[in-house]
Amino acid sequence: MTIVQNSHIRNGLLAALAPDDLALLAPHLREVLLLPGDLLHQPGEKIEQVYFLQNGTVSLMAVLEEGTSVETVSIGREGAIGTIEGFGSLHAFTSARVQLPGSALRMPGPIFRRMLDDSAKLKESINHYHMSVMAHVQQITACNALHDLISRLSRVLLLSADRCADDIQLSQEALAEMLGVRRSSVTTAATMLRDTGAIDYRRPSSKYWTAKSCRRWCASVTRRFVGPSTWDSTAPAQ
């Protein structure tokens, strides 16, 4: 864990902040590694830390009573995990699971909350970010309800490729959990995408994927909600 310098910030949310707001947060940021399977918080736990992702991907997973789970939204280097803590001492509704390895700039939740109290402009920026996440959640909800598995798998792979280049280190087990389906269903959908030339993956582990084409509507819409201009309160309206 190291103290971060401003020049090392690759997180889109932090990079979009005004210099004085970034200066408030920077002394409290520490870089930490994120490994697949790491849980940043679980349902019912108090949110203690805020994570600004530098790279990698974290899924917010809704966990049902019987123990099954499904991804409600994914966060990459454009955003952060735990920022809702800035608006009160809250408990998590979802499980935050690392899917793709990377790193994050972490800071204590109570300090983040105090920084938001000290800066109305910073609080507004975080509010804009929360609105973009909500838009992302709504698009995923519509996609999961109305689109077939091939379309949904395409969306997940394309967004993952945007965040980590084209080499996507996701297992079929992880994809099945994210999509709320059986692993065999992912295998079937992935084979159909591979046969069309949209993706490529290598066996036996099936961990490495390459997204080549298949630009689906939901992925393109979601991209509009995961860029810094979406939550920059100074950006012109679109």
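Residues numbered from 1 in each chain as written. Predicted model: local features only at pLDDT ≥ 70, side-chain atom pairs only at ≥ 80, totals over all residues. Heavy atoms only, no water.

A. Spotlight on the side chain of Ser-74. Inspection of the secondary structure assignment puts Ser-74 in strand E5 (residues 69-75). Since its relative accessible area comes to 6%, Ser-74 is described here as buried. The residues touching Ser-74, leaving out its near neighbours within four places in the chain, are Thr-57, Val-58, Ser-59, His-136 and Arg-163. (Helix = DSSP H or I, 4+ residues; strand = E, 2+ residues; numbered from the N terminus. Buried < 20%, exposed > 50% of the residue type's maximum accessible area, 1.4 Å probe, protein only. Contact = heavy atoms within 4.5 Å.)

B. Spotlight on the packing of aromatic side chains. Evaluation of the coordinates by the stated rule reveals 1 aromatic pair. Judged by centre distance (6.1 Å) and plane angle (70°), the rings of Phe-52 and Phe-112 are edge-to-face. Placement of Phe-52 in strand E4 (residues 49-63) and of Phe-112 in helix H3 (residues 109-118) is noted, with a sequence separation of 60 residues between them. Here the two residues Phe-52 and Phe-112 agree in accessibility, since each one is buried. (Phe/Tyr/Trp six-rings, centres within 6.5 Å; stacked < 30°, edge-to-face > 60°.)

C. Empty space enclosed by the protein, seen in detail. In total, this model carries 3 cavities of 30 Å³ or more according to the counting rule given. By volume, the largest cavity is sized at about 60 Å³. Considering the residues around the largest cavity, the lining is formed by Thr-57, Glu-71, Ser-74, Arg-155, Val-156, Leu-159, Ser-160, Arg-163 and Met-178. Residue assignment for the lining of the largest cavity shows that the elements contributing at least two residues are E5 and helix H5 (149-164). At 5 residues, the largest contribution of residues to the lining of the largest cavity is made by H5. (1 Å grid on protein atoms, 1.4 Å probe; cavity = no way out; pocket = protein on both sides within 12 Å on 5 of 7 lines; lining within 4 Å. Points joined across faces, edges and corners; volume = space filled by probe spheres on them.)

D. Inspection of the pairing of E4 at higher detail. Among the 15 residues in E4, 11 count as buried, and that is most of the element. Relative to strand E7 (residues 95-108), E4 runs antiparallel, the two being bridged by 11 bridges. If you follow Gln-49 over to E7, its bridge partner there is Pro-108. Taken together, the 6 bridges between E4 and E5 define a ladder with antiparallel strand orientation. Bridged to Leu-60 within E5 is Val-73. (Pairing = 2+ DSSP bridges.)

E. View of the environment of Cys-143. Tracing the chain through its elements places Cys-143 in helix H4 (residues 120-146). Through-space distance from the C-alpha of Cys-143 to that of Arg-155 is 9.0 Å; in sequence the pair is 12 residues apart.

F. Looking closely at the packing of H3 against H4. The interhelical angle for the contact between H3 and H4, taken along N-to-C directions, is 115°, at an axis separation of 5 Å. As the angle between them shows, H3 and H4 are arranged roughly perpendicular. Residue-level inspection shows Phe-112, Met-115, Leu-116, Asp-117 and Asp-118 of H3 in contact with H4, the latter providing Ala-120, Leu-122, Lys-123 and Ile-126. Looking at the contact of H3 with H4, its residues break down into 6 nonpolar, no polar and 3 charged. (Axes fitted to C-alpha atoms, helices over the stretch in contact; angles between N-to-C directions. Parallel < 35°, antiparallel > 145°, perpendicular 65-115°, else oblique. Nonpolar A, V, L, I, M, F, W, Y, C, P; charged D, E, K, R; others polar.)

G. View of helix H7 (residues 183-195). The end-to-end C-alpha distance of H7, which contains 13 residues, comes to 18 Å, matching closely the 18 Å that a straight helix rising 1.5 Å per residue would cover. Considered for burial, the residues of H7 that qualify are Val-186, Thr-187, Ala-189, Ala-190 and Leu-193. Residue Gly-197 follows H7 closely and has a positive phi angle near 85°. (Expected span 1.5 Å × (residues − 1).)

H. How the structure looks around the pattern of salt bridges. Using the criterion set out here, one finds 7 salt bridges in the structure. Where Glu-31 meets Arg-10, a salt bridge forms, and the shortest distance between an N and an O atom there is 3.8 Å. Pair noted here: Glu-31 is in strand E2 (residues 30-34) and Arg-10 is in the loop between strand E1 (2-3) and helix H1 (12-15), with a separation of 21 residues, a long-range link. One salt bridge in this structure joins Asp-20 and Lys-121, with 3.5 Å as the shortest N-O distance. On the criterion of sequence distance, the pair formed by Asp-20 in helix H2 (residues 19-25) and Lys-121 in helix H4 is long-range, its members being 101 residues apart. The partly exposed category is assigned to Asp-20, whose relative accessible area is 45%. Residue classification places Lys-121 among the partly exposed residues on the basis of a relative accessible area of 38%. Sharing partners across several salt bridges, the network here consists of Lys-46, Glu-85 and Arg-113. (Salt bridge = Lys/Arg side-chain N within 4 Å of Asp/Glu carboxyl O.)

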